[in-house]
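# Geometric and topological summary
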Amino acid sequence: MARNPGRSWAPSASGATGDAGSSGGRPHGRQELPRAKGSRPVRHRSVAGQVFALQVLIVLLLVGAAVAALVVQSHNDADREARNRSVAVAQAFANSPGMVDALRSPDPTAVLQPKAQSARVSSGVDFIVVLNNQGIRYTHPNPARIGQKFVGIYEPALHGQVVTQHLTGTLGPLVQAVVPVYAPDGSVVGLVSAGVTLSNVSTASERQLPVVLGSAAGAIGLATLGTALISRRLRRQTHGLGPAEMTRMYEHHAAVLHAVREGVMIVGGDGELLLCNDEARRLLDLPPDAEGRPVTELGLEPAPLELLTANRRVTDEVVLAGERLLAVNVRLTDQAGGPPGCVATLRDSTELLALTGRAEGAQRRLRLLYDAGVTVGSSLDVTRTAEELAQVSVPRFADFVTVDLGEQVHLGEEPQPGVSLGRMRRAALAGISTEAPFYPVGTVLDVVPTAPLAGALHSGAPGLEPRLAEAHGWREQDPERSELVLAYGVHSLLRVPLRARGVLLGVARFWRSEGSEPFEPEDLVLAEELVAHAAVCIDNARRYTREHAMAVTLQHSLLPRSLPPQSALEVAHRYLPAQAGVGGDWFDVIPLPGTRVALVVGDVVGHGLHAAATMGRLRTAIHNFSTLDLPPDELLGHLDELVSRIDQDEAAFSEGSGLAGATCLYAIYDPVARRCTLASAGHPPPAVVDPQGGVVFPELPTGPPLGLAVLPFETVELELAEGSRLVLYTDGLVEDRERDIDEGLAQLRAALGGPPRTPEQTCADVLGAMLPAHPQDDIALLVAQTRVLAPDQVAEWDVPADPAAVRTVRAQVAARLSEWGLDEAAFVTELILSELVTNAIRYGSAPIRVRLLRDRTLICEVSDGSSTSPHLRYAATEDEGGRGLFLVAQFAERWGTRYTATGKVIWTEQPLE
């Protein structure tokens, strides 16, 4: 801080006696400030040192300029000297006596080479070269170059001109001249070139350079002497203040006055304003000549003037100065022996409060946007997303929020782009009170075409109604409801359409009631950001709803809707999709000839439409293969080839999207033999529960998954007691992220054990014990309780390989049908058996057997030891045979061929109604 006039620094203890020597040469009253231990003092260059440095710099610049001028002058002089010397030597040699005769002599080189060398040495040039008119050298200082082409321009010299040019040759930069040699008749008979290097030309400028450098040294010496004198004079005038103290004093003064954002005023004891900075001038609107005038004459407001003249200490006292709120601090300067007066600091609290308010408002908005980004869209549910938008906005942004969506959006359908929504359904309502007169959730709203809501939906532009009582357009939507809303105290409205990806989804409306400030344009920007994020989330949920509905519809259409009627098994089933979406698990119950039933459970790896479509293809293929009545191992083999082809097609269509694999368990149960034949392609083994409740997992050779098999599949035959339960399932039941398959199988064993239960009850108990809270995979469960065909429903006969035995078989069959009360079917049955037995005797081989099964239909089976299958054909008019199978196909409801390990079986089915 600057020293006040007429005041001296407080005397130190060591300087109070006035002894200059005791203060180290400092003036009386100057206190020596102690230095902190270990601190390095800041080095400042003195004023004299700065003057000296400036003088030295000026001298060096002048010397440099002089040297540069001398160098340039020397270069120009050397160039001019080289040109003149080379031209003079070349012309002198060209005009020397006997030159023309030497050029016309038979050997010009022998005559001219000694003369040229002698002239070169005596003239001080670097070379003299004589040329003919074709530029061929006759002379050269290097004899090896005689006879070679001249390097340089010589053609103008053939026309009488003197040519000079600069070259950089083997000797360095040089100047050469070419002059013509004239014959007595004025013709040019030859050329003479002389050249001299620039380094061999010395000028007067170079000789002046030592003088310049000596003058520079003298100037620097004089500057040094002058600097010493100036330094001594300055220290005497500053009373011993060194450059460090002066610099520190100036820095503190500048920091207090200009570096702070506070007004600073120094008022003397007589009330005169001694000093003020720019901030104080701005806050108090001081005139330019305020310093040096009494503060009472500056036109200050009474409140700040009273504080500046009260002669008391003030701390953060807020006063009004014009339109500003100033926080004033006053400190007296005469408290510790200082000069009378005070130092006041002023801080603009108005701007601080405004900035604080804006910062807090921006922080609240950012926090609201952050919470909305985290909260809104947490689920792929349209209604839930709309509810999250409403809940996150109340009460932090609005008192009430309503979200209305198009009815197509609720269903997951795609709204038509560019078309306004004529009808909407309320998806969400949130508010600070449940008594507000807003339509409840689920209400269908028809948009009035003349209302502002229709215009907003058509244009997609948001709308602001800061004072609803003064606006009338919004009431056209529902005048009665609008009056109730106004009567409740709602006074401000924001209307923002929900639009995402160019599609209008609905509208979100924000309402404020009594106790809240009206909406402002800044609030509209925040509402648009909230609604934009929510619109994308709602559109994502809508798309997911549509795709999920499509996938579920596809999957349900591919799964069996009802089980076919059959008598061999009592079957119950369950199918539960995963939370992640549809998958590729499936099950099937397929009736086979001979009262047998096939049970199928499979699993396509993955989820989504691709897995569901693949499951449908595999299920259809199994139905087709089962019509061939193939054994389980052969059926899985054909299915494996199909999956391989599907995988290849997928890989060829889209790289990297091939089928990951599928598993399948195929079982055939025969109620007559009470035997079950199974084969597995990478699928978990079934569980077999005997009638007493014992649970076993049979040893089943599990082959690789479908599409990966390299060896044939193997089958296993199980003999099941009547009333046994066969449990087939997919891996989603026994394996998930929290348990491995061994633990799952142990839980399944515990759930299946216990007293006998029906298949329906078994399914319920198993899912109740094992179903996870959040299934990550599909679960397919199939429980089949075995039945046995009674002995009185089966009849078998061995038939000799003799055509005469057909009559006997027909009689036996007719008698058995009579016992069963099926006399009406006897004629057709005898006709069918006659044809089949006759074909077996004629074209087959022993042993030949006939079996009748009375179930839901009458089944006739004729087996023989031949693997040759008959084929149905149309016999020509002249053919004597070939009509037997045609008659069988006409009289039987179904017929077919089944191959066995020892031959084949031809079977027919006839309805019993």
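Below, the structure is looked at part by part. What you see is a predicted model, and the numbers here were worked out from it, not measured in a lab. (Residues numbered from 1 in each chain as written. Predicted model: local features only at pLDDT ≥ 70, side-chain atom pairs only at ≥ 80, totals over all residues. Heavy atoms only, no water.)

### Quick look at the sheet that holds strand β16 (residues 569-576)
Read across the sheet, five strands follow the order β16-β26-β25-β21-β22 without closing on themselves; strand pairing throughout is antiparallel. Both outer strands of the open sheet, β16 and β22 (695-696), are each paired with one neighbouring strand and no more. One ladder, built from two bridges, connects strand β21 (residues 687-689) with β22; its direction is antiparallel. Among the inter-strand pairings, valine 689 is bridged to a residue of β22, identified as valine 695. Across the sheet, helix α17 (residues 741-752) is in contact with β21, β22 and β25 (725-729); its angle to β25 comes to roughly 145°. Here helix α18 (residues 759-770) sits on the sheet and contacts β16, β25 and β26 (779-786); the angle it forms with β16, its principal contact strand, is near 30°. (Pairing = 2+ DSSP bridges. Helix = DSSP H or I, 4+ residues; strand = E, 2+ residues; numbered from the N terminus. Contact = heavy atoms within 4.5 Å. Axes fitted to C-alpha atoms, helices over the stretch in contact; angles between N-to-C directions.)

### As for the nonpolar core
Core analysis: the largest hydrophobic core is formed by 53 residues, its most contacted members being Trp586, Leu599, Leu618, Ile622, Leu636, Leu639 and Tyr666. Per element, the largest residue contribution to this core is seven residues, and it comes from strand β19 (residues 662-670). Residues within four places of leucine 639 in sequence aside, it is in contact with Leu618, Ala621, Ile622, Phe625, Cys664 and Leu706. Counting 36 residues, the second largest nonpolar core, distinct from the first, contains Leu368, Phe397, Leu524 and Ala535. (Core = buried A, V, L, I, M, F, W, Y, C linked by side-chain atoms within 4.5 Å. Buried < 20%, exposed > 50% of the residue type's maximum accessible area, 1.4 Å probe, protein only.)

### What about the environment of arginine 312?
Relative to the assigned elements, arginine 312 resides in the loop between α7 (302-309) and β7 (314-321). Look at arginine 312 and you get partly exposed, because its relative accessible area is 33%. Apart from the residues within four sequence positions on either side, arginine 312 is in contact with Glu306, Leu307, Glu317, Val330 and Leu332.

### Notes on the side chain of threonine 857
Counting through the fold element by element, threonine 857 comes out in strand β29 (residues 857-864). Residue threonine 857 is classed as buried on the basis of its relative accessible area of 16%. Contacts of threonine 857, omitting those with residues within four sequence positions, involve Glu893, Glu909, Gln910 and Leu912.

### A look at the packing of helix α19 (residues 805-819) against helix α20 (residues 826-843)
Viewed as axis vectors pointing N to C, α19 and α20 meet at an angle of 145°, and their least axial separation amounts to 10 Å. Here α19 runs over α20; the crossing is right-handed. Between α19 and α20, the residues in contact are Val806, Arg810, Val813, Ala814 and Leu817 and Ala826, Thr829, Glu830, Leu833, Ser834, Val837, Thr838 and Ile841, respectively. Here the contact of α19 with α20 is composed, by residue class, of eight nonpolar, three polar and two charged. (Left-handed = near helix turned anticlockwise from the far one by under 90°. Nonpolar A, V, L, I, M, F, W, Y, C, P; charged D, E, K, R; others polar.)

### Notes on the packing of aromatic side chains
The description of two aromatic rings rests on the distance between their centres and on the angle between their planes. Scanning all chains against the criterion turns up seven aromatic pairs. Ring geometry for phenylalanine 438 against tryptophan 511: centres 5.0 Å apart, planes inclined by 50°, an arrangement best described as tilted. Taken together, the positions of phenylalanine 438 in the loop between β11 (423-431) and β12 (444-446) and tryptophan 511 in strand β15 (residues 503-512) put the pair 73 residues apart, joining distant regions of the chain. Here phenylalanine 438 and tryptophan 511 have matching classes, each one buried. An aromatic cluster of at least three residues, connected via ring pairs, comprises Phe400, Phe438, Trp474, Tyr488 and Trp511. Positioned above the aromatic ring of tyrosine 439, the side-chain terminus of arginine 481 is 4.2 Å from the ring centre. When the ring centre of phenylalanine 397 is taken as origin, the NZ or CZ atom of arginine 512, which lies over that ring, is 5.6 Å away. (Phe/Tyr/Trp six-rings, centres within 6.5 Å; stacked < 30°, edge-to-face > 60°. Lys NZ or Arg CZ within 6 Å of the ring centre and 35° of its normal.)

### Comments concerning α19
The end-to-end C-alpha separation of α19 is 22 Å, in line with the 21 Å expected for 15 residues at 1.5 Å each. Listed as buried for α19 are Ala805, Val806, Val809, Val813 and Leu817. One side of α19 carries all its buried residues, which in axial view fall inside an arc of 105°. Of the exposed residues in α19, the ones pointing more than 90 degrees away from its buried face are Arg807 and Glu819. Those residues of α19 that are buried are in contact with β27 (794-799), α20, β28 (848-854) and β29. (Expected span 1.5 Å × (residues − 1). Arc of directions from axis to C-beta.)

### Looking at the sheet that holds strand β10 (residues 400-406)
The six strands are arranged β12-β11-β10-β15-β14-β13 in an open sheet whose pairing can be described as antiparallel. Looking along the sheet, the strands with just one partner apiece sit at the ends: β12 and β13 (463-465). Between one strand axis and the next, the sheet turns through 25° on average, direction left out of account. On top of the sheet, helix α11 (residues 452-459) reaches β11, β14 (492-500) and β15; it is set at about 30° to β14, its chief contact.

### With respect to the pairing of strand β30 (residues 894-900)
Where β30 and strand β31 (residues 903-911) come together, seven bridges link them in antiparallel fashion. Bridging from a neighbouring strand, tryptophan 895 pairs with threonine 908 of β31.

These values are about where atoms sit, not about what they do.
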